[in-house]
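# A structural walkthrough
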Amino acid sequence: MSKIINLCLSVLFLSCLIACHRSPVLEDFTYRYSMESINNFKVEFQLNPDSTYRIDQYNYFFDKYEGKAKPIFREGKLTRDEFDRFAGLITESKLEKMNNSYGFDRGSDTDNSIIYVIELKHNEQSKFVSVNNSMDEYLPDSFNRLITFTGGFISDKMERVE
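Residues numbered from 1 in each chain as written. Predicted model: local features only at pLDDT ≥ 70, side-chain atom pairs only at ≥ 80, totals over all residues. Heavy atoms only, no water.

### What to know about helix α3 (residues 80–93)
In a regular helix each residue adds 1.5 Å, so 14 residues correspond to 20 Å; α3 covers 20 Å between its end C-alpha atoms and thus fits that length. Considering only its buried residues, α3 is in contact with β1 (29–37), β2 (41–47), β6 (114–122) and α4 (141–159). (Helix = DSSP H or I, 4+ residues; strand = E, 2+ residues; numbered from the N terminus. Expected span 1.5 Å × (residues − 1). Contact = heavy atoms within 4.5 Å.)

Right, here's the structure in full:
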């Protein structure tokens, strides 16, 4: 009888443990990332709930020099590991608890700044976080890891011609 009780308690404990570690972000979300240097370049990334992604890259500086726009686009599908990594970093970053903007309240020159805009759409609601990277504003390490991973992912996919 005690073995059955121990087994039931173990199953209950494991169920609770799994439920506590499940994240609503892992279910259905859209993640958008934009990095822009005004008048120089812009890179946009969108990760969709079905693991597909799109990257748009604009080089304003060279487009003006050459007299025509030549944006670069990439589309693809993330591997399960890549998707899980993004989902985990998004969950860890706790975007919903972050301020809407960082580094814009001190009157800086945004023409020479790199501006990040992150959007997480989940449950029909969107959360935006905008960052002026030229300011010495503290950002959570988990958010910085998300930005770094996203930038590395984009660089890797833009280098490869698929």
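### Details of the pairing of strand β3 (residues 52–58)
In the sheet, β2 pairs with β3 via six bridges, with the strands oriented antiparallel. Within the sheet, the bridge partner assigned to Q46 lies in β3 and is R54. Between β2 and β3, which follow one another and run antiparallel, lie four residues, and S51 among them has a positive phi close to 75 degrees. (Pairing = 2+ DSSP bridges.)

### A look at the environment of V131
Tracing the backbone shows V131 in strand β7 (residues 125–132). Considered as a pair, V131 and I114 are 17 residues apart in the sequence and their alpha carbons are 8.3 Å apart. Residues contacting V131, with those up to four places away along its chain left out, are Y102, F104, I114, I115, Y116, L139 and F143.

### Thoughts on the layout of surface pockets
Of the voids in this model, the second largest pocket is the one considered here, and its volume is about 160 Å³. As for the second largest pocket, its lining consists of R32, Y33, S34, E44, F45, Q46, R54, D56, V117, I118, E119 and F128. Elements supplying a minimum of two residues to the lining of the second largest pocket: β1, β2, β3 and β6. Tallied by class, residues from the lining of the second largest pocket come to five nonpolar, two polar and five charged. (1 Å grid on protein atoms, 1.4 Å probe; cavity = no way out; pocket = protein on both sides within 12 Å on 5 of 7 lines; lining within 4 Å. Points joined across faces, edges and corners; volume = space filled by probe spheres on them. Nonpolar A, V, L, I, M, F, W, Y, C, P; charged D, E, K, R; others polar.)

### Comments concerning the pattern of salt bridges
When charged atoms on two side chains of opposite charge get close, those side chains can pair. Inspection of every chain in the model, using the stated rule, returns seven salt bridges. K42 is the salt-bridge partner of E36, the closest N and O atoms lying 4.0 Å from each other. Between E82 and K157 there is a salt bridge, with its nearest N and O atoms 3.6 Å apart. Here E82, found in helix α3, pairs with K157, found in helix α4; they are 75 residues apart in sequence, far enough to count as distant. (Salt bridge = Lys/Arg side-chain N within 4 Å of Asp/Glu carboxyl O.)

### Observations regarding the nonpolar core
In terms of nonpolar packing, the biggest core is built from 30 residues, with F29, Y31, Y33, F45, L47, L95 and F143 touching the most fellow members. For this core, the elements supplying multiple residues, two or more each, are β1, β2, β3, α3, β6, β7 and α4. In terms of residue count, α4 provides more of this core than any other element does, six residues in total. Sequence-distant contacts of F29, that is, excluding residues within four places in its chain, are made with L47, N48, P49, F83, A87, I90, L120, K121 and H122. (Core = buried A, V, L, I, M, F, W, Y, C linked by side-chain atoms within 4.5 Å. Buried < 20%, exposed > 50% of the residue type's maximum accessible area, 1.4 Å probe, protein only.)

### A few points about unusual backbone geometry
Positive phi, close to 50 degrees, is recorded for K94, a residue that is not glycine. Here the phi dihedral of E124 falls at roughly 65 degrees; this positive angle occurs in a residue that is not glycine. Mapped onto the fold, E124 is located in the loop between β6 and β7.

### Brief notes about the side chain of S142
Within the secondary structure, S142 is located in helix α4. In this structure S142 comes out as buried when scored by relative accessible area, which is 12%. Not counting the four nearest positions on each side in its chain, S142 is found in contact with E92 and S93.

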